Amino acid sequence: RTGVRVHHAPALALLRDAGALVTDDNLARIPPELVEWALKQAPGQVTLCRRGDSRPSLVLGGANVYYGPGSDCPNYLDPRTAARRPFRMADVIDCIRLVDALPEMDFCMSMGIPCDAGSGSHYRLQYARMLEHTEKPVVFVCDDVADCEAIVAMAAAAAGGMAELRLNPTLALYSEPSTPLQHSNTATGKLLCMAERGLPVIHSPAPMMGGAAPVTLAGGLALGNAEALSSLVI
């Protein structure tokens, strides 16, 4: 009844062709049977592997819980000097090596945005450093589809080809719909980039209750669920 705004033309065309009602330029209302179909297509679990190892490292399903760091902090609290300052690439490498050494950490993320990364994409450089300094599965973030394609290409090269990477995935993309009920051009492009390659993606809503979402727990859950399910249909 309410619908979702889809700001990615190819995704909007996919929805329209699948039976969604598209009005007001980009407002897609998705039939319930299409959501039920999409739920049946989703895998019951997703497995991530360590680089160079085909044995499952993270089995994402059921009640399994795994731990790892976050991503993209602009500032760093230097443990040697207690100074708060911008992240540098050397700090990112230190953090990656620490995650690799800690048995409590199951996966790695970039943790910091290096201020000294130069004019190139710091997301690609972050992933390259993770390839160099850890064998643990990686949850990566990126700026756009070009970033996503470049990072997947790096992972495929390290895995011995795209077929090997798809069989034993070592990475998953983290991206988000935009609350309330919006699918941006960049996030949806990255979502489809991973889906087309058969690779895992965590496309997670982040409703701020009382801000961009209803203040009640039930309302926040309903909104986030709608964003997750419409993403899955796409």
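These figures come from a predicted structure and were not determined experimentally. (Residues numbered from 1 in each chain as written. Predicted model: local features only at pLDDT ≥ 70, side-chain atom pairs only at ≥ 80, totals over all residues. Heavy atoms only, no water.)

### Here we look at the environment of Val 145
Within the secondary structure, Val 145 sits in helix α5 (residues 145-159). A relative accessible area of 29% places Val 145 in the partly exposed class. In this structure the C-alpha to C-alpha distance between Val 145 and Val 233, which are 88 residues apart in sequence, comes to 19 Å. What Val 145 contacts, discounting residues up to four positions off in sequence, is Gly 189 and Lys 190. (Helix = DSSP H or I, 4+ residues; strand = E, 2+ residues; numbered from the N terminus. Buried < 20%, exposed > 50% of the residue type's maximum accessible area, 1.4 Å probe, protein only. Contact = heavy atoms within 4.5 Å.)

### Here we look at the pattern of salt bridges
What the rule picks out here adds up to 10 salt bridges. With a shortest N-O distance of 2.9 Å, Arg 129 and Glu 132 are connected by a salt bridge. Taken together, the residues span about one helical turn, with Arg 129 and Glu 132 both in helix α4 (residues 122-133) at a distance of 3 residues. The buried category is assigned to Arg 129, whose relative accessible area is 18%. Within the structure, one salt-bridge network assembled from shared partners comprises Asp 78, Arg 85 and Asp 91. (Salt bridge = Lys/Arg side-chain N within 4 Å of Asp/Glu carboxyl O.)

### Focus: unusual backbone geometry
The omega torsion of the bond from Thr 179 to Pro 180 falls at 5°, within 30 degrees of zero and hence cis. By the element assignment, Pro 180 lies in the loop between β9 (171-175) and β10 (182-183). For Asp 24, which is not a glycine, the phi torsion comes out positive at approximately 50°. Among the residues examined, Asp 24 registers a relative accessible area of 53% and is labelled exposed.

### Observations regarding a nonpolar patch on the surface
The grouping of Met 209, Leu 217 and Leu 221 at the surface amounts to a nonpolar patch, some 320 Å² of accessible area in total. Considering the arrangement of structural elements, one finds Leu 217 in helix α8 (residues 217-233). For Leu 217, a relative accessible area of 57% puts it in the exposed group. (Patch = residues over 30% accessible without salt bridge, like charges linked within 9 Å, V, L, I, M, F, W, Y side chains within 5 Å. Areas by Shrake-Rupley, 256 points an atom, 1.4 Å probe, with all protein chains shown as cover.)

### Overview of the packing of aromatic side chains
Evaluation of the coordinates by the stated rule reveals 2 aromatic pairs. With 4.7 Å between their ring centres and 50° between their planes, Tyr 76 and Phe 87 make a pair best called tilted. Taken as a pair, Tyr 76 in strand β6 (residues 75-77) and Phe 87 in the loop between β7 (84-86) and α3 (89-101) lie far apart in primary sequence, 11 residues in all. With respect to burial, Tyr 76 and Phe 87 carry one shared label: buried. (Phe/Tyr/Trp six-rings, centres within 6.5 Å; stacked < 30°, edge-to-face > 60°.)

### Looking at the pairing of strand β5 (residues 56-60)
The pairing of strand β4 (residues 46-49) with β5 spans 4 bridges and is classified as antiparallel. Bridged to Thr 47 within β5 is Val 59. Hairpin connection from β4 to β5: 6 residues lie between these consecutive antiparallel strands, with Gly 52 at a positive phi of about 80°. (Pairing = 2+ DSSP bridges.)

### Overview of α8
Spacing of three or four residues puts side chains on the same side of an α-helix, whose turn is 3.6 residues. Its 17 residues give α8 an end-to-end C-alpha distance of 24 Å, which sits within 8% of 24 Å, the value for a rise of 1.5 Å per residue. On its buried face, α8 sits against β1 (4-6), α1 (9-18), α2 (32-41), β10, α7 (185-196) and β11 (201-203). (Expected span 1.5 Å × (residues − 1).)

### What to know about the packing of α4 against α5
In contact at an axis separation of 9 Å, α4 and α5 are set at 15° when each is read in the N-to-C sense. Considering their axes alone, α4 and α5 lie roughly parallel with respect to each other. Here α4 and α5 pass one another in a crossing that is right-handed. On the side of α4, the interface is formed by Tyr 123, Arg 124, Tyr 127, Ala 128 and Leu 131, while α5 contributes Ala 146, Asp 147, Ala 150, Ile 151, Met 154, Ala 155 and Ala 158. In the contact of α4 with α5, the residues fall into 10 nonpolar, no polar and 2 charged. (Axes fitted to C-alpha atoms, helices over the stretch in contact; angles between N-to-C directions. Parallel < 35°, antiparallel > 145°, perpendicular 65-115°, else oblique. Left-handed = near helix turned anticlockwise from the far one by under 90°. Nonpolar A, V, L, I, M, F, W, Y, C, P; charged D, E, K, R; others polar.)

### What to know about the sheet that holds strand β2 (residues 21-23)
In a beta sheet, neighbouring strands pair by backbone hydrogen bonds and run either parallel or antiparallel. Pairing is mixed across the open sheet formed by 4 strands, whose spatial order is β2-β3-β1-β10. Edge strands, defined here as strands with exactly one partner in the open sheet, are β2 and β10. With 3 bridges connecting them, β2 and strand β3 (residues 27-29) associate as antiparallel partners. Bridging from a neighbouring strand, Val 22 pairs with Ala 28 of β3. Lying on the sheet, α1 is in contact with β1, β2 and β3; it crosses β1 at an angle near 130°.

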